[in-house]
Structure formats: C-alpha cells, structure tokens
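Observations on the three-dimensional arrangement
Listed here are the chains, written in short residue letters.
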Amino acid sequence: MVVSSKRSRLSRGFRMPQFGFSSGFGVVRSKVGIHFKRIRIQPNFRIRIWAGWYFLFRSFVLSTLFTLLVGGLARGQEISFSIYGDASGDLFGKVVSGAGDVNGDGYPDLLIAAPSGIHLASYVRIISGISGSEIRTLIGGSPNFGVSVDGIGDVNLDGFGDIAVGVTGDSSAGNQAGAVEVFSGADGSLIWKVLGLNPEDQYGMALSNVGDIDGDGISEIIVGARGNYGPGSQLSGYAHILSGIDGSILLEFSGISPDDRFGQSVAGAGDVDGDGIPDVIVGADFDSSTFPFAGAARVFSGANGGIIHTLFGSAPYDFFGKSVAAAGDLNGDGRGELLIGAFQSDSLYGSWTGSVSVISGANGAILNVQPGNSPYGGFGIDVCSVGDTSGDGVPDYLVGGSEGTLPYNPGPGYARLFSGSDHSVLRTFYGAMPFDFFGHSVTGIGDVNFDGLNDILIGAYGDDTNGDLAGRAIGFSLVIQPYLVLSDLLAGHSASFSVVNFEPNTPSYLVYSFDGLGRYFVQSLNVELGLSNPVLGAGPKDADATGTATWTADIPRYLQGVLVWFQAIQRGRISNVVQTVVQ
C-alpha cells in the first residue's frame, strides 16, 4: 500500500555524485537538493554519509506515514504466452478463468471469453495450459455468451473437467432473462441449461464453482442475476446455487431493495463457518443501505442458506461488491478469508482509485484494505486468489484495475499481486497501451510451466493487435522475486537493508529515490527500476550463497520526516520497492 503525498518541490543547482557509475551503469543524478560530500563503502559495506544541503518540501501527510511496501514495476517477470482475439470488436479476454483439466492430460487448462464477439457472435475459447494451443471454441447462440465462465469439475462423470458459461443475452424466458449453459469438456456438447426467471434478469451475469454442497461428490455452481425485474423487485437481483449434476435449484438468495444489483458478483467462499460445507459470497455493488451506492456483500451458509456475514461499503459510490472471491486461509485460523473489490472508492491518491478489502471469514472483520494508486483507476474491478506464488505457504491474491487518469478515459490497465501473509505488493503488471483494459479480468491458472509456482492469466480486452478491440489474454510466469526489507529508518541511527531471492554470488546494488515511483531503464543491467530519479546507494556487493545481500547505513539527523523509496537490483532482476519515512 502507498499513501499519496504531493510531489516534492526540488531545489536547484545542487549536483549529486553518481558513485562512479556514470558510464555503463546509467543511474541518473538526483536533484532533490541533498548534496552528499562523501560516501565511503567500507569492507563490511557499512555506508557512512556526511551531510550536505537539504531542501525538500514535505507533504502534510508525511508525519502519518510508516514503512510501506510497494511492488516493483513488473518488467522483470516473464510473459509465458499471449493469446489474441480473432477480429475487431471481439473483446477477447474480457473474462478469463481456469478451466480445470478439460482434455485429460493432467494439467489445468484455461478459459478466455469474447462475450461481444462480432464475427463469430460471442465465443469462449478453451486453451491447453501445457501448450497454449486451442482445445476448442464454444460459439454462443445468444448475445453476451461468455459474460461469465468457470471450470466446474467433472459434473457428468466422464473423467474430464466441464465448463459453465453465463449468457445474459439469452431471451428464451423473455428479453435478456439470461441463462447458464454447462458444456462437456470432453467434446463441447451441452450437458444442461438453466434459464433466468424473468425478462431482464440478466441471469448468468456472474457464476462460480462452489464445491460440493449437497454431498453427492459433484461440485455445485452459484449463479448471479443482477437484474431481477420480477414484480416489485426491479434490479434487486438474486442468486441461485445449482446442482452440478442437473442444474436444479438447491438454494436461492435475494437482494434486499430495488436497485441493489445483488448478484453482480458471486463466488465460492470456502468453509467460513466451520461446518464442513462450502459457503458462498454474493456482491450487491449498488446497495445503498449505508450510503448511496456504497455497495454490499453477503456471505451465506451453503448448508442452509442463512446469512453468515453482511459487509458494507464505507462511503457513497464505492460500489463495494463489484467483485468478490475466496482468498484462502491467510491468517492461519483454519477459515478462509474473502476478497471484495470496491472499484470506485476514493483514497489519498484521489477519486475513484478503487480498493480491495481482505475480510476474515471467521468473523467478518476487515483484515486489510489496499487502495489503487491511480485516480479513476478502477482498482478492484476484479479480484482472485492465485495460490502461493511466493513460496511462504500462504495463498496470495491478485487485483485488477483499468488505471485511468481521467474519468472514463482509462490508461493501459494494471494488476497487482499481493502477499497473502503480510499484504505487501509482490509485483505489479502493466498493460501495453492506453485503452487496453488490461486487468479487467484476472485469474490464477495453476503451475502451467512446471517451475513449481502458480501462474496467472490477465485479460486485456481492448488490445488492438488483431484489430480494434480484438482483445488479448496474457499468461505470466511467477518466478520467485527478490524481496527487499528494511529496518526502521531512525534519524541519527543505523539502519539495515536486506534482500533475499537474489542470484547467489552475483553483484547486487541498492538504489534509492526521493522522487517516488517511476520507470527508469538501466541498460547495462537490463532492468527497469520502479523509481523516479534513482541514485546508487551501495554496491556492487555479491549476494551470498543463499541469494541474500545486506547493507547497513547511518541515517543523518536532518533526514527526519523525509520520504524515501528503495529498491535492490541485479542484472535482470529487481526487488520490490520499499517506501518509508525517516522517523
């Protein structure tokens, strides 16, 4: 998490040393008005700093800041594959999900939807997780086929994973009543279909595998219908838990008030009440119980349909509940936590930055809130658990946002991966071009490249490679990233800096900035730093045999109250960025 501050106004005329790396290394001079007369790296790599001038205007919020971890720019992780839509207007990648093992090769496969496909109508493409090749494409017979998709396990007991597809444009039961269709993973044939109850229900707006609720050994499905234009219930919404075997309704949940849009998002929640039966969560992002359109989410028992938790947005127009997901057990209490996106919530970064809340499954308490850092960024438009990507044994989670800079004028989009154990940012992924809508849909896909870590899939439905808005989905390999930690920086005292997961016995560097986050490519090391106007603080120093490099430094007294950003780098590798205030 980063708390916004005004950009420092820089003094002029002070030159900074480049520590002997003006050629080859390429880190720029700092112009923040601190003139270090001397830096000496002793054999034990203790940095002694003698003071110069300090002219840095502090933002009014600095006194409230503490050490915060933010992910380095994601130029260091590997793109495993890219899959493109066929033609202009497909919006391919608007929805992405894991499919389970559809083709029986023992590896998880992928689902990528083009719910507004033009040349083929709407379609859902099933992709082999091991090869990236197309297994088959399901063609919709109604508009918005693929507005939601998920792998639901083997519901017809043929040994292959099957697939559920939401079709809000199906008008079999009335105009846009909607439907859910379940297809065989083995041959793509239709297994069963369930229709919405009323015209304009938009049944199938959201759906999710919830696990086996009725004890028959087959996974059930939760389906959201955010419209619900039944008598007296305009836009109140509803959700059904459907039997995986035949689509019969096992449980029904309803919105409380008109215009709630209950069923905008749905997910299996895991067993949050400890009764051994999976529970579910349903988002109602237009709920106005607390503030106008603050939003809400409700957690229901899978055993009897009773309400376990009711959670509300904290301010008007948060649209809390736009996205929901199970997070897994993050705090070790044996109960799964929950993720809830509020894609228009405000923060210190500005209006509509968006946020994601991490909720205790055991008692509904808020464990953590992570804001987006771009005004009108839509952070929290989609959320998901991706399993353990950092090797600490705790599931991590991924959050998408459209990264806008003006209302309704999105940037390329981004997605941010958070540690489930401490909620620090592990890394950030960025779209390539404005209006890519990269991060609108995100999902974990398991370990498809056999490196021992779970991988992720991110949709960018605005990608224009194969035509205007043809769309794209991008798979990322999550190699273990270097991770930088600091001791508290106390003015007049020593501080330690340590990075792990570096390449052993390889030169390592510590850089810092007073100007905040940015993008700066160091050609000689083939890395892009996540800092603006970076300065080399220490190095080179070889990481030890375990991949750890450590430095210590004396912190001058005159830096008290100053905001500083740090990052550790090697050739081809970067750590997270650490933002802290000198206390």
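The following paragraphs examine the structure supplied in this document. Bear in mind that the values here come from a model prediction, so they are computed numbers and not experimental data.

We now examine the overall build of the protein chain. Helix and strand content of the protein chain: 0 helices and 42 strands. A buried classification covers 58% of the 583 residues belonging to the protein chain. Partitioning the contacts of the protein chain with sequence separation of at least 6, the portion at a separation of at least 24 is 56%. Summed over its atoms, the accessible surface of the protein chain is roughly 21300 Å², and 53% of this surface lies on carbon and sulfur atoms.

Before going further, it helps to examine unusual backbone geometry. In this structure, the amide linkage connecting Gly539 to the following residue, Pro540, adopts the cis form with an omega of 10°. Mapped onto the fold, Pro540 is located in strand β39 (residues 535–542). One non-glycine residue, Glu200, lies in the positive phi region at around 70°. Relative to the helices and strands, Glu200 is located in the loop between β12 (190–195) and β13 (203–211).

Counted by the stated rule, this structure contains 8 salt bridges. Among the ionic pairs, Glu181 bridges to Lys193, the shortest N-O distance being 3.4 Å. Taken together, the positions of Glu181 in strand β11 (residues 179–183) and Lys193 in strand β12 put the pair 12 residues apart, joining distant regions of the chain. Using a relative accessible area of 35% as the deciding quantity, one classes Lys193 as partly exposed. Here the salt bridges share partners, and the residues they tie into one network are Asp86, Arg125 and Glu134.

This part covers the environment of Ile249. By the element assignment, Ile249 lies in strand β16 (residues 249–254). It is 9.3 Å that separates the C-alpha atoms of Ile249 and Val194, two residues lying 55 residues apart in sequence. Beyond its immediate chain neighbours, meaning those up to four positions away, Ile249 contacts His240, Ile241 and Leu242.

How each quantity is defined
- Residues numbered from 1 in each chain as written.
- Predicted model: local features only at pLDDT ≥ 70, side-chain atom pairs only at ≥ 80, totals over all residues.
- Heavy atoms only, no water.
- Helix = DSSP H or I, 4+ residues; strand = E, 2+ residues; numbered from the N terminus.
- Buried < 20%, exposed > 50% of the residue type's maximum accessible area, 1.4 Å probe, protein only.
- Contact = heavy atoms within 4.5 Å.
- Areas by Shrake-Rupley, 256 points an atom, 1.4 Å probe, with all protein chains shown as cover.
- Salt bridge = Lys/Arg side-chain N within 4 Å of Asp/Glu carboxyl O.

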